[in-house]
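Spelled out, the chains give:
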2 protein chains.
Amino acid sequence: MKISRTEDLRLDCQHCPVRHRAICAASDDEQFDRLNAIKFYKSVPAGQAVALRGERLDVVASIVSGVATLSKTTVDGRMQITGMLLPSDFIGRPGRDCCEHDITAVTDLTLCCFRRRQFEDLIERAPGIRKRLLDIAFDELDAARNWMLLLGCLTAREKIVSFLMLVVHRSVLPEDADQPVQIDLPLSREAMASYLGLTIETVSRQMSRLRKDGLIELETARHVIIPDTSRLLVELENAD
Amino acid sequence: MKISRTEDLRLDCQHCPVRHRAICAASDDEQFDRLNAIKFYKSVPAGQAVALRGERLDVVASIVSGVATLSKTTVDGRMQITGMLLPSDFIGRPGRDCCEHDITAVTDLTLCCFRRRQFEDLIERAPGIRKRLLDIAFDELDAARNWMLLLGCLTAREKIVSFLMLVVHRSVLPEDADQPVQIDLPLSREAMASYLGLTIETVSRQMSRLRKDGLIELETARHVIIPDTSRLLVELENAD
DNA sequence: GCGCTGCCTTGATCCATGTCAAGACGTTCC
DNA sequence: GGAACGTCTTGACATGGATCAAGGCAGCGC
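Here the structure is a predicted model, which means the values were calculated and not measured. (Residues numbered from 1 in each chain as written. Chains lettered and ligands numbered in written order. Predicted model: local features only at pLDDT ≥ 70, side-chain atom pairs only at ≥ 80, totals over all residues. Heavy atoms only, no water.)

A.B. asks: How should I be thinking about helix α3 (residues 116-125) of chain A in this particular structure?
C.D. replies: All names here are of chain A. Here α3 has its buried residues at R116, F119, E120, L122 and I123. For α3, the angular spread of the buried residues around the axis is 165°, confining them to a single face. Opposite its buried face, α3 presents the exposed residues R117 and R125, each directed more than 90 degrees away. Against the buried residues of α3 lie α2 (29-38), β3 (59-65), β6 (90-91), β8 (109-115) and α4 (127-153). (Buried < 20%, exposed > 50% of the residue type's maximum accessible area, 1.4 Å probe, protein only. Helix = DSSP H or I, 4+ residues; strand = E, 2+ residues; numbered from the N terminus. Arc of directions from axis to C-beta. Contact = heavy atoms within 4.5 Å.)

A.B. asks: Please explain the packing of aromatic side chains as it appears in this structure.
C.D. replies: The relation between two aromatic rings is expressed through the spacing of the ring centres and the mutual angle of the planes. Residue and element names in this part refer to chain B. Taken as a whole, this structure holds eight aromatic pairs over all chains when the rule is applied. Between F90 and F119, the ring centres sit 5.9 Å apart and the planes meet at 35°, which makes this aromatic pair tilted. Linking F90 in strand β6 (residues 90-91) with F119 in helix α3 (residues 116-125), this pair joins segments that are 29 residues apart in sequence. F119 matches F90 in its accessibility class, with the two residues each being buried. Here the aromatic rings of F163 and Y195 are separated by 6.1 Å at their centres, their planes lie at 90°, and the arrangement is edge-to-face. With F163 in helix α5 (residues 156-170) and Y195 in helix α6 (residues 189-196), the pair connects residues that are 32 residues apart, well separated along the chain. Given a relative accessible area of 0%, F163 falls into the buried group. When the ring centre of F32 is taken as origin, the NZ or CZ atom of R19, which lies over that ring, is 3.7 Å away. (Phe/Tyr/Trp six-rings, centres within 6.5 Å; stacked < 30°, edge-to-face > 60°. Lys NZ or Arg CZ within 6 Å of the ring centre and 35° of its normal.)

A.B. asks: Could you clarify how one ought to interpret the pairing of strand β7 (residues 102-105) of chain B in this entry?
C.D. replies: Each regular strand displays side chains that alternate between the two surfaces of the sheet. Relative to β7(B), strand β2 (residues 49-51) of chain B runs antiparallel, the two sharing two bridges. By the bridge assignment for β7(B), B:A51 is matched with B:I103. (Pairing = 2+ DSSP bridges.)

A.B. asks: I keep staring at the layout of surface pockets and nothing clicks. Help me out?
C.D. replies: In this approach, a probe sized like a water molecule rolls over the atoms, and the result shows the empty space that is left. Of the voids in this model, the largest pocket is the one considered here, and its volume is about 1300 Å³. Along the walls of the largest pocket sit 49 residues, with B:D139, B:E140, B:A143, B:A144 and B:Y195 positioned nearest its centre. Secondary structure elements with two or more residues in the lining of the largest pocket: α4 of chain A together with β5 (79-85), β6, α4 (127-153) and α5 of chain B. No other element matches α4(B), which puts 11 residues into the lining of the largest pocket. Among the residues forming the lining of the largest pocket, the class breakdown is 27 nonpolar, eight polar and 14 charged. A volume near 1100 Å³ is recorded for the second largest pocket. Taken together, 34 residues make up the lining of the second largest pocket; nearest its centre are A:A143, A:N146, A:W147, A:L166 and A:R170. Looking at the lining of the second largest pocket, the elements that each hand over two or more residues are β5 (79-85), α4 and α5 (156-170) of chain A together with α4 of chain B. Classifying every residue of the lining of the second largest pocket gives 18 nonpolar, six polar and 10 charged. (1 Å grid on protein atoms, 1.4 Å probe; cavity = no way out; pocket = protein on both sides within 12 Å on 5 of 7 lines; lining within 4 Å. Points joined across faces, edges and corners; volume = space filled by probe spheres on them. Nonpolar A, V, L, I, M, F, W, Y, C, P; charged D, E, K, R; others polar.)

A.B. asks: Looking at this model, I keep getting lost on the protein's contact with DNA strand D. Mind explaining?
C.D. replies: The local shell around DNA strand D holds 17 residues, among which A:R189, A:S204, A:S208, B:T202 and B:R205 are the closest. Taken together, the sugar and phosphate atoms account for 66% of what DNA strand D places within 4 Å of the protein. Residue A:R222 places a side-chain N or O atom 3.4 Å away from a phosphate oxygen belonging to DNA strand D. Measuring from a phosphate oxygen of DNA strand D, one finds a side-chain N or O atom of B:T202 at 2.3 Å. Elements with a contribution of two residues or more to the surface near DNA strand D: α7 (200-212) of chain A together with α7 (200-212) of chain B. Within the surface near DNA strand D, the residues separate by chemical class into three nonpolar, seven polar and seven charged. (Near = heavy atom within 4 Å. Polar contact = N/O pair within 3.5 Å; in protein donor to acceptor, adjacent residues only side chain to side chain.)

The following block contains the structure:
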């Protein structure tokens, strides 16, 4: 079932769900055809590593569907998730053959891959893709630095609210403003804790507090209803 | 005096102290001449802003001498330094006309500037510079993510040690291994605190503890002698 | 010298978040 | 159904680092 869906995608970039947001978004027809010609799909089941830190990594990829995390771990096992990768996000680094992070599939993952060498050749000749890549890199850098503000300065409650709003913004939502927003959290409590520089207990407690304060409803632990986003945003009015 | 030194630099990239590490490092003779032709120098006195968040920024630049910080501030005044910029580091973002961070001169600063438009045109035609820029962006991204591990997972003591080792690595040192290493801290206690996600008191206390433990000597608050780097590194053996 | 200023250090106390422990809830497998 | 497992929640307690407060010290102007 999953495979047949992957096969569908192989046949047709035009219907690819991330066609207009991924690395290929800015390519003209010719560049697009070239990308199309060298791409191949890969599935990674939930929980499995896409790549490990220090490992050789000869592909770059876009996420077509699913969620992955970037993380680093200390020798004694403390882990920090340094990025949450959602559909259209880019994996890998042209010009570098070894992986700086652990990349882990959080859900089943479909990747649109390119051999790194071929991709490197291509960007030399495709100014659209090249520019897009530079823009992606700088956007990621801005995001990482914004996350540094979160990790260094915000309280546990503010961190949780920031995370919820991040998920809201990355969700494809019916833009009926003022409607209650419903989101599915892409990460477990444990992964949220690691992403936010907290413990799992603190995450759980703060979620409960937000619920008791009427700012969110928890249909299940992972499915959150936000009756009024603006009321949630008040929690961040001093932060950022 | 400062101005005459700046004037010297204007006349001669060949003797520029960051010639082989900055954005111009990978350029061939022709590209180098083009960069040379459009560059101009700018001095910023210590304490002054180079650019403010949200402000229009029509130049990109390399730091020739001095130290600057990138920072973000919350509405209620909590600040996180997201980057420390030393000589050869790059400022600005091609393809984006507004500044995402506050950039502040920590010491007197000499910048080698390019008008952004001219620079953008140039990188389209200069593959060496273009590649170098992409590499710089990805290196900065790796550094930012490593700093996220520090902010999210490390103890105050580990943070201080990490910072000291960062300064050691960025200092141009006589590589007589096993010699006591001497460093001048580029940041005040306050700036260190903000960079490490701590308070100034905690920074001060941890520095004192490291001194009492014989791992560092403080000739002045800013001048640190590390009798044995390997002994300091033991403090990090569980971290990263 | 002397007072002022900015920066740093130190001490006493507090509190947000971590740690430890127990139990609740949902899912799967038999 | 119910046992077993993973995930999440909640409570009691501990603590690392924040906060509040005082004082030290070097540089500078007069």
